[in-house]
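# An overview of the molecular structure
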Amino acid sequence: GDMITDASVTQNASGGEAEEYQSAFAGGFKSLVVGKKIEDVSLTRVAGSSLTPNGFNNAIAAIESQAKA
């Protein structure tokens, strides 16, 4: 039904601000996507992180495209 039932992220930053922002994103994104239709998900700022959602949005678009194939 195009609904997101679960989501996870893999953090790959190794220190510094990148790791801090990825951790903040990982701790706050799930409630913004689970239970929503995949085409309605487009994150901007999550837990103070404004760049990390870009990679997530790209992954969502790829998943949506694969699901329609």
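Residues numbered from 1 in each chain as written. Predicted model: local features only at pLDDT ≥ 70, side-chain atom pairs only at ≥ 80, totals over all residues. Heavy atoms only, no water.

Attention shifts here to the layout of surface pockets. The volume enclosed by the largest pocket comes to roughly 330 Å³. Along the wall of the largest pocket there are 17 residues; nearest its centre are S8, V9, F25, F56 and A59. Sorting the residues of the lining of the largest pocket by element identifies α1 (16-28) and α3 (52-68) as the ones contributing at least two each. Tallying contributions element by element places α3 first for the lining of the largest pocket, with 6 residues. (1 Å grid on protein atoms, 1.4 Å probe; cavity = no way out; pocket = protein on both sides within 12 Å on 5 of 7 lines; lining within 4 Å. Points joined across faces, edges and corners; volume = space filled by probe spheres on them. Helix = DSSP H or I, 4+ residues; strand = E, 2+ residues; numbered from the N terminus.)

Glancing now at the pattern of salt bridges. Taken as a whole and assessed by the stated rule, the structure comprises 3 salt bridges. The salt bridge partner of K68 is E64, with a shortest N-O separation of 3.4 Å. Residue K68 and its partner E64 are both found in helix α3; the two are separated by 4 residues, about one turn of the helix. Its relative accessible area of 18% is what places E64 among the buried residues. (Salt bridge = Lys/Arg side-chain N within 4 Å of Asp/Glu carboxyl O. Buried < 20%, exposed > 50% of the residue type's maximum accessible area, 1.4 Å probe, protein only.)

Quick look at the packing of aromatic side chains now. Using the criterion set out here, one finds 3 aromatic pairs in the structure. Ring geometry for F25 against F29: centres 5.2 Å apart, planes inclined by 10°, an arrangement best described as stacked. Following the ring pairs from residue to residue traces out a cluster consisting of F25, F29 and F56. (Phe/Tyr/Trp six-rings, centres within 6.5 Å; stacked < 30°, edge-to-face > 60°.)

Relative to the elements of secondary structure, A69 occurs in the segment after α3. Between the C-alpha atom of A69 and that of N57, which follows or precedes it by 12 residues, the distance is 19 Å.

This next bit is on α3. Each turn of an α-helix holds 3.6 residues, which means side chains three or four residues apart point in the same direction. Counted at 1.5 Å a residue, the expected span for α3 with its 17 residues is 24 Å, and the 25 Å between its end C-alpha atoms agrees. Turning to α3, its buried residues are P53, F56, N57, I60 and E64. Along α3, the residues classed as buried sweep out an arc of 100° about the axis, all on the same side. Turned more than 90 degrees away from the buried face of α3, the exposed residues are N58 and Q66. (Expected span 1.5 Å × (residues − 1). Arc of directions from axis to C-beta.)

Relative to the elements of secondary structure, A67 occurs in helix α3. What makes A67 exposed here is its relative accessible area of 61%. A C-alpha to C-alpha distance of 8.7 Å links A67 and D2, two positions 65 residues apart in sequence.

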